[in-house]
Amino acid sequence: MKHYLQMLTSKQSLSHEEMKAVGSALFKEDVSDSEIAGLLIALKSKGESVGEITGLVEALREQALPFTSRIKGVMDNCGTGGDGTHSFNISTTSSFVIAGAGIKVAKHGNRSVSSKTGSADVLEMLGVDLEQPPAAVAELLDEVGLAFLFAPYVHPNLKRIMKVRQDLKIPTIFNLIGPLTNPVSLDFQLLGLYGRQYVGLFADVLKKLGRKRAVVVNGAGFMDEASLAGENVMAVLENGCVHHFTFSPEEVGLAAVPNEAIRGGDAAENARILVSVLEGKKGVYRDTVLLNAGLGIYAGGRAATVKEGIKRAEESIDSGKAYSILRKLAEKSSRRRMVL
């Protein structure tokens, strides 16, 4: 570890293989908390490279619960959080709409960290059992089309690293890579980032991680979701190439609305918002979900354009398919937890 710390503090990037070895070493007892903290600070000071992010993500996924089942065509639409907008649970609501459009979604998430309500908080409020073992996740993906992976449950070995992060009290690489550590093997991904400067970098990371198709987005107002408030910046990974775009809500047929209009509340309030959207209630919450679910459907290859993705998102909601996914997930996740 000392050798690698010296490299990083000298502004030398580690290779993919070196970072993977360092990531694996973080779980060993002979690596101190101080060394873990030093690594995180050195990476932040130097600036993380594509190889370093990819290597660390692969090391963390190897320490997760073993998800050996290979279901094809699975995507995740998780964001990093940390944008400070206190919006309702956009990606969580959107995940049901994406699944209702026929894409299998392995939704990776956690309780609230930087926002009022995390995905786990709101799904628990809606009756979803958070702690699903790998076999149950595979069944839910197959039978329901959506499964939730509760980060602390599927990453049981990260507790010491999380403590070091909390003690540091500054953002580190771990504030960015959470959505990449989903232990399910993914073909598609919609990744929202709070930092616009990371959009291209993380598109390259997703390429190295083997995604067939992906969209990385930073929204207007630096949201970690696509926003109705103005210009959105995104990178699209397709056929091994990364393309960069900007777009406004008006360009995809939606009205501009300030980010303040989509603030959420506690878990109960955000659960009510989620259900109201899936039940078809019109308004700014629905339009925000249509935009983000449309991007997800586009990222998953079920639409040729973002506009077409939004149309398919409307169909998912208005047909009742998105709401049906929620009801099935709540019912089947609880039942499977009791019998396993």
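Shown above is the structure to which this text applies.
Residues numbered from 1 in each chain as written. Predicted model: local features only at pLDDT ≥ 70, side-chain atom pairs only at ≥ 80, totals over all residues. Heavy atoms only, no water.

Trainee: How should the side chain of Asn259 be read in this particular structure?
Mentor: Positionally, Asn259 belongs in the loop between strand E7 (241-247) and helix H12 (267-278). One polar contact links the side chain of Asn259 to the main-chain carbonyl oxygen of Ala220, over a distance of 3.0 Å. Ignoring any residue separated from it by four or fewer positions in sequence, one finds Asn259 in contact with Ala220, Gly221, Met223, Ser227 and Ala229. (Helix = DSSP H or I, 4+ residues; strand = E, 2+ residues; numbered from the N terminus. Polar contact = N/O pair within 3.5 Å; in protein donor to acceptor, adjacent residues only side chain to side chain. Contact = heavy atoms within 4.5 Å.)

Trainee: What should I look at first to understand helix H3 (residues 33-46) in this one?
Mentor: One full turn of an α-helix is made of 3.6 residues, so residues set three or four places apart face in the same direction. End to end, H3 covers 20 Å across 14 residues, agreeing with the expected 20 Å (1.5 Å per residue, within 8%). Among the residues of H3, those classed as buried are Ile36, Ala37, Leu39, Leu40, Ala42, Leu43 and Lys46. Buried residues in H3 make contact with helix H1 (2-9), helix H2 (16-25), helix H4 (50-62), helix H9 (159-168) and helix H10 (174-177). Once H3 ends, the next one or two residues include Gly47, with phi positive near 100°. (Expected span 1.5 Å × (residues − 1). Buried < 20%, exposed > 50% of the residue type's maximum accessible area, 1.4 Å probe, protein only.)

Trainee: What exactly am I supposed to notice about the pairing of strand E5 (residues 213-218) here?
Mentor: Residues in a regular strand project their side chains so that they alternate between the two faces of the sheet. Across the six residues that make up E5, a large majority, six, are buried. A two-sided burial pattern is seen for E5, the buried positions comprising Arg213, Val215 and Val217 on one face and Ala214, Val216 and Asn218 on the other. The pairing of strand E4 (residues 188-192) with E5 spans five bridges and is classified as parallel. Bridge pairing links Gly192 to Val217 in E5. Between the parallel pair E4 and E5, the chain is carried across by helix H11 (residues 199-208), and the sense of this crossover is right-handed. In this structure, E5 lies alongside strand E6 (residues 232-238), joined through six bridges in antiparallel fashion. What sits directly across from Val217, in E6, is Met234. (Pairing = 2+ DSSP bridges. Right-handed = clockwise from strand over helix to strand, strands pointing away.)

Trainee: I'm lost on the environment of Ala120 in this one. Help?
Mentor: Note that Ala120 resides in helix H6 (residues 119-125). For Ala120, a relative accessible area of 0% puts it in the buried group. Sequence-wise, Ala120 and Asn182 are 62 residues apart; in three dimensions their C-alpha atoms are separated by 15 Å. Excluding residues within four positions of it along the chain, Ala120 makes contact with Asn110, Arg111, Leu130, Phe148 and Phe150.

Trainee: Sorry, what's going on with the pattern of salt bridges here?
Mentor: Two side chains that carry opposite charge are able to pair once their charged atoms sit near each other. Evaluated as defined, the whole model comprises twelve salt bridges. Between Lys163 and Asp167 there is a salt bridge; the shortest N-O distance is 2.9 Å. Of this pair, Lys163 and Asp167 both sit in helix H9, four residues apart, which is roughly one turn of the helix. Of the residues examined, Lys163 reaches a relative accessible area of 44% and is grouped as partly exposed. Between Arg272 and Glu269 there is a salt bridge, and its shortest N-O distance comes to 2.9 Å. Here Glu269 and Arg272 lie together in helix H12, a separation of three residues that amounts to about one turn. Overall, Arg272 belongs to the exposed group, its relative accessible area being 52%. Classification of Glu269 as partly exposed rests on a relative accessible area of 30%. Because the salt bridges share partners, they merge into one network encompassing Lys20, Glu58 and Glu62. (Salt bridge = Lys/Arg side-chain N within 4 Å of Asp/Glu carboxyl O.)

Trainee: What am I meant to see in the pairing of strand E2 (residues 104-109) here?
Mentor: With respect to burial, E2 is a largely interior element, five of its six residues being buried. Here strand E1 (residues 74-76) runs beside E2; their pairing, made up of two bridges, is parallel. Residue pairing across strands places Val74 opposite Lys104, the latter belonging to E2. What joins E1 to E2 is helix H5 (residues 90-100), and the crossover it makes is right-handed. Here five bridges tie E2 to strand E3 (residues 146-150), and the two strands are oriented parallel to one another. Across the sheet, residue Ala106 finds its bridge partner in E3, namely Ala147.

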